[in-house]
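# Coordinate inspection notes
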Amino acid sequence: MREYVIMTDSCCDLPPELAAELQLTVLPLYFYFAGQGRYNFLDNREMDPKAFYNQLRAGMMSTTSAVNVGMFQAKMSQIVSTGRDILCISFSSGLSTTYQSASIAAKAVMEEHKTSTIKVVDSAAASLGQGLLVYLAAQEKQKGKSLEEAAEFVEQTKQHLCHWFTVDDLNHLKRGGRVSAAAALVGTMLQMKPVLHVDDEGHLIPMSKVRGRKASIAALAEKLDELAEDTDTVFISHGDCEEDAKTLESMIRQKHPVKTCVINYVGPVIGSHSGPGTLALFFLGKHK
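What you see is a predicted model; the values in this text were computed from it and never measured. (Residues numbered from 1 in each chain as written. Predicted model: local features only at pLDDT ≥ 70, side-chain atom pairs only at ≥ 80, totals over all residues. Heavy atoms only, no water.)

This next bit is on the nonpolar core. If you look at soluble globular proteins, the nonpolar side chains tend to sit buried side by side. By size, the foremost hydrophobic cluster in this structure holds 33 residues, and its most contacted members are Ile6, Leu14, Leu24, Leu87, Ile89 and Phe235. For this core, the secondary-structure elements that each account for two or more residues are β1 (4–9), α1 (16–21), β6 (85–90), α5 (127–142), α6 (147–157), β8 (161–166) and β13 (279–285). Counting residues per element, this core draws most heavily on α5, at eight residues. Excluding anything up to four places from it in sequence, Leu24 contacts Ile6, Leu14, Ala19, Val134 and Ala138. Within the second largest apolar cluster, 30 residues are counted, among which are Val5, Leu29, Phe91 and Ala106. (Core = buried A, V, L, I, M, F, W, Y, C linked by side-chain atoms within 4.5 Å. Buried < 20%, exposed > 50% of the residue type's maximum accessible area, 1.4 Å probe, protein only. Helix = DSSP H or I, 4+ residues; strand = E, 2+ residues; numbered from the N terminus. Contact = heavy atoms within 4.5 Å.)

Structural data, given as structure tokens:
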């Protein structure tokens, strides 16, 4: 069996030490903020996440861009030239062109390196949802699964990867076209908090609204109660609201025997659109 590398992009939002432990190759997405372009590395070397969210709270705007074909092609060529194959798990095609770029690059590299195999899988996920899928794929690799077996595992598992999240400020979703200006105004006045999830195609879908932050956190925990098939591993990401993330973890642990819980920031690429106060929960369930 040929050796292979698991590649992903920085929208996985994994802690850098965990990505290193799993021996991942992670390509950074790009964001433009405060008059300067920056790469979204997992170790936040170009922008401290707390500073990023504080500036968003102050009204600063951020724009983002996907990993381009050239960056993927260069890194893929470098890896396959050492005799290794690649399993690339990308940010949702429903939210970004990253998957398309990776697919184009993979085809070009395989045409040049005829004996190499590069499989690109659309995670249909974002943030630590993508991160959880990559984490589980890396565990399959550690068990000795082949590239083909690991790729098939990802394709099957992503249909059971539940993504539920809430935001504290509806105006960021308004700017992204997820809610209307009127809904954002009324919702803000009434302290309404949306509960959203990611569907089978990787799109963000508003599902319900609750009144107040505590109720929205409880609603996420209730979704796990309702849908979870496996609570061994739970991932939580947050837009600079770590205490809320820990509250959610505590609620879940009161009812479920969680073995591994990873908590980390929503990175600046996704955070540019979801805003401060975003809280997201990821787990394996009966269905998405």
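Here the focus is the environment of Gln100. Within the secondary structure layout, Gln100 lies in helix α4 (residues 98–112). For the pair formed by Gln100 and Asn68, sequence separation is 32 residues and the distance between their alpha carbons is 9.2 Å.

The tally for this structure, following the rule as stated, stands at twelve salt bridges. One salt bridge in this structure joins Glu140 and Lys143, with 2.9 Å as the shortest N-O distance. Between Lys246 and Glu242 there is a salt bridge, with the nearest N and O atoms lying 3.8 Å from each other. Within this pair, Lys246 and its partner Glu242 are both found in helix α10 (residues 242–253), separated by four residues, close to a single helical turn. With relative accessibility at 39%, the residue Glu242 sits in the partly exposed group. Among the charged side chains, a network of salt bridges with common partners joins Lys50, Arg57 and Asp240. (Salt bridge = Lys/Arg side-chain N within 4 Å of Asp/Glu carboxyl O.)

Taken across its six residues, β6 has six buried, putting it largely inside the fold. Inspection of the sheet shows β1 paired to β6 by five bridges, in the parallel sense. Note that in β6 the partner of Met7 across the bridge is Cys88. Pairing of β6 with strand β7 (residues 118–122) involves five bridges; the strand directions are parallel. From the neighbouring strand, Ser90 faces β7, where its bridge partner is Asp122. (Pairing = 2+ DSSP bridges.)

Now for the side chain of Asp13. Tracing the backbone through its elements, the reader meets Asp13 in the loop between β1 and α1. Look at Asp13: it is buried, it has no salt bridge, and the nearest opposite charge is Arg45 at 13 Å. Looking at Asp13, its side chain comes within polar contact range of the side chain of Ser127, at 2.7 Å. In contact with Asp13, other than residues within four places in its own chain, are Leu42, Ser127, Leu128, Asn264, Tyr265, Val266, Gly267 and Ile270. (Lys, Arg positive; Asp, Glu negative; His and termini not counted. Polar contact = N/O pair within 3.5 Å; in protein donor to acceptor, adjacent residues only side chain to side chain.)

Under the criterion given, the structure shown has seven aromatic pairs. For the pair Tyr39 and Phe41, a centre-to-centre distance of 5.8 Å together with 55° between the ring planes defines the contact as tilted. Ring centres of Phe52 and Tyr53 lie 5.1 Å apart, and the angle between their planes is 80°; on these two criteria the pair is classed as edge-to-face. There is no split in this pair, since Phe52 and Tyr53 are both buried. Ring-pair connections join several aromatic residues into one group, and the members of that group are Phe31, Phe33, Phe52, Tyr53 and Tyr265. A cation over an aromatic ring shows up here: Arg45 above the ring of Phe41, its NZ or CZ 3.8 Å from the ring centre. (Phe/Tyr/Trp six-rings, centres within 6.5 Å; stacked < 30°, edge-to-face > 60°. Lys NZ or Arg CZ within 6 Å of the ring centre and 35° of its normal.)

These results come straight from atomic positions and should not be treated as a statement about function.
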